Each structure stands twice: as C-alpha cells, then as structure tokens.
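One-letter residues, chain by chain:
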Amino acid sequence: MPLPEKLDLEVVTPEGLLLHEDVDELIAPGKEGYFGVRPGHTPLFATLGVGALSYRKGDEWQDLTCFWGWCEVLPDRVSVLAALGERAEEIDIARAETALKRAEDRMKQIKDEDDYEETREAWARAVTRLGVARKQREHP
Amino acid sequence: MPALIDIRRRIRTVKNTQQVTKAMKMVSAAKLRRAQQAIFAARPFARKMLEVLNRMASRADPHSHPLLEDRGEGKVLAVVITADKGLCGAFNANIIRTVTRFLAERPERDVAFSFVGRKGRDFFRRRQVKVRSEHVGVYQALRFDHAREIAADLVQAFTSGEVDRVFLVHNEFKSVIQQPLVVDRLLPIERHMIRPEESGSELEYLYEPDPAAIFGEILPKHVEVQVWRALLESVAAEHAARMTAMDAATNNATELIDKLTLHMNKVRQAAITKEIIEVVSGAGSPG
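Residues numbered from 1 in each chain as written. Chains lettered and ligands numbered in written order. Predicted model: local features only at pLDDT ≥ 70, side-chain atom pairs only at ≥ 80, totals over all residues.

If you tally the helices and strands in chain B, you get 5 helices and 6 strands. What you see for chain B is a C-alpha radius of gyration of 29 Å, clearly larger than the 19 Å of a compact globule of 287 residues, by over 25%. Dimensions of chain B, computed from the C-alpha atoms along their principal axes, are close to 115 × 45 × 25 Å. The buried share of chain B, reckoned over its 287 residues, is 30%. Look at the contacts in chain B between residues 6 or more apart in sequence, and 82% of them connect residues 24 or more apart. (Helix = DSSP H or I, 4+ residues; strand = E, 2+ residues; numbered from the N terminus. Rg over C-alpha atoms; globule rule 2.2 N^0.38 Å. Buried ≥ 20, exposed ≤ 12 C-beta atoms within 10 Å, placed from the backbone. Contact = placed C-beta atoms within 7 Å.)

So, about the sheet that holds strand β2 (residues 110–116) of chain B. Within a sheet, adjacent strands bond to each other through the backbone by hydrogen bonds, running parallel or antiparallel. All names here are of chain B. Sheet architecture is open: 5 strands sit in the order β3-β2-β1-β4-β5, paired in mixed fashion. Strands with a single pairing partner mark the edges of an open sheet, and in this sheet they are β3 (130–135) and β5 (181–187). Each neighbouring strand pair of the sheet contributes to a mean axis angle of 20°, computed without reference to strand direction. Summarising the sheet, strand β1 (residues 75–81) and strand β4 (residues 165–171) pair through 5 bridges and their orientation is parallel. Residue pairing across strands places valine 80 opposite valine 169, the latter belonging to β4. Packing against the sheet, helix α2 (residues 91–104) makes contact with β1, β2, β4 and β5, and its axis sits at approximately 150° to β4. (Pairing = 2+ DSSP bridges. Axes fitted to C-alpha atoms, helices over the stretch in contact; angles between N-to-C directions.)

This next bit is on the interface of chain B and chain A. Each partner contributes residues to the interface: chain B has 20 residues there, and chain A has 19 residues. Listing elements by their share of the side of chain B that touches chain A, those giving two or more residues are α1 (4–57), β6 (206–208) and α5 (211–284) of chain B. Broken down by element, the residue count for the side of chain B that touches chain A peaks at 7 residues, all from α1 of chain B. For the side of chain B that touches chain A, a count of residues per class yields 15 nonpolar, no polar and 5 charged. Two elements, strand β5 (residues 44–57) of chain A and β6 of chain B, share 3 bridges in a ladder whose sense is parallel. (Nonpolar A, V, L, I, M, F, W, Y, C, P; charged D, E, K, R; others polar.)

Residues and elements named next belong to chain B. Looking at chain direction, β1 and β2 are connected through 7 bridges and run parallel. Looking at the pairing, alanine 78 lines up with phenylalanine 113 of β2. After leaving β1, the chain enters α2 and then returns to the sheet as β2, a path that is right-handed. One ladder, built from 5 bridges, connects β2 with β3; its direction is parallel. Residue pairing for β3: serine 114 is matched across the bridge by serine 133. In the classification by handedness, the crossover that spans β2, the intervening helix α3 (residues 118–125) and the parallel β3 is right-handed. (Right-handed = clockwise from strand over helix to strand, strands pointing away.)

On to the domain arrangement of chain B. Residues and elements named next belong to chain B. Each domain of chain B was delimited in the assignment, giving domain 1 (4–26 + 245–281) and domain 2 (29–190 + 204–243). Just the C-alpha atoms count here: the centres of domain 1 and domain 2 sit 47 Å apart. Taken together, the contact pairs 6 residues of domain 1 with 8 residues of domain 2. For the side of domain 1 that touches domain 2, the secondary-structure elements that each account for two or more residues are α1 and α5. Of the residues belonging to the side of domain 1 that touches domain 2, the class tally is 4 nonpolar, no polar and 2 charged. (Domains from an automatic or database assignment.)

Residue and element names in this part refer to chain B. At a minimum axis separation of 8 Å, helix α4 (residues 144–159) and α5 run at an interaxial angle of 125°. When the axis of α4 is compared with that of α5, the two are oblique. Judged by the sense of rotation from one axis to the other, the crossing of α4 with α5 is right-handed. Contacts between α4 and α5 involve Phe144, His146, Ala147, Arg148, Ile150, Ala151, Leu154 and Val155 from the first element and Pro220, Val223, Glu224, Val227, Trp228 and Leu231 from the second. (Parallel < 35°, antiparallel > 145°, perpendicular 65-115°, else oblique. Left-handed = near helix turned anticlockwise from the far one by under 90°.)

Further remarks concern the nonpolar core. In terms of nonpolar packing, the biggest core is built from 84 residues, with Val79, Val80, Leu154, Val166 and Val169 of chain B touching the most fellow members. When near neighbours in sequence (up to four residues on either side) are disregarded, valine 166 of chain B contacts Leu77, Val79, Leu154, Phe158, Leu186 and Leu187 of chain B. Listed in part, the 5 residues of the second largest apolar core include Ala96, Ala126, Val132 and Ala133 of chain A. (Core = buried A, V, L, I, M, F, W, Y, C linked by C-beta atoms within 7 Å.)

The next point concerns the environment of serine 28 of chain B. Residues and elements named next belong to chain B. Tracing the sequence through the fold places serine 28 in helix α1. Put simply, serine 28 and alanine 240 are 212 residues apart on the chain and 7.1 Å apart in space, counted from C-alpha to C-alpha. Those residues in contact with serine 28 that lie beyond four places of it in its chain are His239, Arg242, Met243 and Met246.

Structure below.
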C-alpha cells in the first residue's frame, strides 16, 4: 500500500469546528512531550497538554493553541479534540500578558500542591498564547 | 361613558407596547438561531468524547474511577439552571416548580444548591436553602470556560465526599414550541452511559499514556461537556420560550387594539347621533 501524501487534519473544540484542512506535517503538544506526525504514521492515540499545535502546508507553518485535549492519529487522518483552542489571530495579547503577570506574582506565594498545579497551568497557558500570537505576527 | 380621547390614548399605549414585544420577538428569534448553532457545534465534540470513553473502557477497569463511585443518595447537590432575565413565559417558573417538588420529595435529605442564572437564585434566596455556589451573568458571553469552572466545583464537591449525588435541573431545547424540563443525574456518572466496546477487528493503536490513564483523564472532561451541553440547551430553550411568549403578547395586543378601535368608533357614532338629534329637535321646536 502506498503511503498517503497528505494528512486530513481536523480540530474540534466544544465551541465548534476550529480547523479542517489537508496538511503535510503536524507537531502536537503531547502530555508527555511534543511529537511530530507525518503522513503514514502508525495509529496513535495520545492526550495533549498545554501547548502550541503547529501544522505545515507546503513550506508554511501555522500555529494553534491547545489546552488539554487528545489526538487520534491514523495514517492519512488526524483528529484533535481540544478542550480549548484558538487560532493565532484570535488571541488577545494584552489579556495574555496580564494573565502571565498574575501567574508570575502568584508563583511567589504558593500555598500547596493544588495551588501550584493551578498556577503552573495558568502560567503555561499565558506563555503559549503569547508565543503563538507573537510568532504569527512576526512572520505572517 | 369614557371620553373619546381616553380611548385614543389607551390605543396608543397598547400600540407602543406591541412594538416593544414585536421587537423582542425578533431579537429572540435571532438569538435563538445563534444558540441553536452553538448546540450543533458542540455535538461532534460530545459524541467523539463518548466514543473514546467507550473504547478506553474496554481496555481499562472502568469501575475504579472515583467519579463512578455510587455511594447511594445521601447528601444531594442540585444544579439549577435558569435564565438571568424574565419575560419568557413559564420558562423560569417551570424550573422553580420542579425544584420545589424535588425538595418536597426529599424532606429528610440534605439538599444543597448551585444556581446558574439570576432568576433561580433570587427565588430561592428568600427561602431557607443551602447554597453552595452561584453563577450569575454568565449568559452574556457564554464560553466553555464557564462550564469548566462549574464542573470543577461540582467534581470537587463530589470527590471530597461533601455530596453523594449531583443533579442538573434545566430546560431542554427540543423545538421552538417544546422545551421539556429535565432532571439529570450528573454524578456519579451512570454506568450504562459507558459501554465498553468489543475489541476485535479494530486497529491496534499506540497509547500515550496508557488507556487507563486516558480513561481517568477523560471522565472529568465528560462532566464538563455535560454541563456545557445543559447550559447551551437552556440558553436555546430560553430564547425559544421568550420568542413564543412575545409572539403571544403581540397577538394579544392586536386583539386588544381591534376591540378598543371598535369601542372608540361606537362611542364616536353615539356622540354624533346625539348631536344630530339635538340639532333636529332644536330645529323642529317652534321658535
């Protein structure tokens, strides 16, 4: 069987379909580390953490934010279900910056483990948002 | 007999009101369309989630998770979803009535409440009930984050043993004229919701992390999606109810205007007749 040449990428969030495109390559923020997917990948099922989901069409890379979700990989198809996801242009930079500052302030006075987890997640979200948004704006 | 001018004034008032109700109906219709779209958008996510849950259940021990633990109906938490605003027919009243009945059926039980929407909270604040949390004003810009927040609070209450059952009380959106009321058990998650699928012809996947861990991670998300769905259903039902109510109000106003116009014409006719009689009888009498 010849290898497929494209990946049919679909990203769904509870607020609707975010993306449905044919892509050449994908890098996803797995819970246990980023992983890359190219057409012909072996079937994989992974949960996703907080991070940027990048995909390539031709020579062009695009980013999405992804905050928890999972990803089902088949040789010619990838479906991503993300609890929260945004395109780069939807991100409110000013809001992300205040969130980052708030999280950093909270870091300094952590009470317990839960508090730490929560703060760390808020911090990771803000960093991801800023990273994705800035990258998009610098290299449109 | 009322003066002609009073009737005219009355007609004008009713006409103004009618314009308002008509406008509200239009607004609700537009909002309803958007709410319906939101429900449709949320469906694939929920469906996929259940699919995956079932697949994982056949590979993990599905009875080990704390969210599935049935401790019997001890302490109860009812999540009451109403609207923030009124003028939507019996929408809020129905919920309140159902909740009151729900309470009456459990006179011995320890029932706490979580309110979403101003109307329900305001009503039960005057009664002596235990309130765990309230979420008011979430409808203006409803996001999945709200559902996450509410769900996190519920899951926490359940896993800490503070409550043994969590119910969702809300209006469901069936159609524009039908919004049945539902009382759903949210926690513990009903076992029959999860049917481990028979593995056989299926592709062998690599799992990262292992299926049991994925299963455990998806269950709390399942609760979030349930809450999200209930919120969306309630919003759509609210707009549908308001649209119907405002349509009825507009029709009533038309009817009232017709009646008043008829009445006004009769009064005017009577006044004219009376004047003619006066003139005629004045002319007929000997000067």
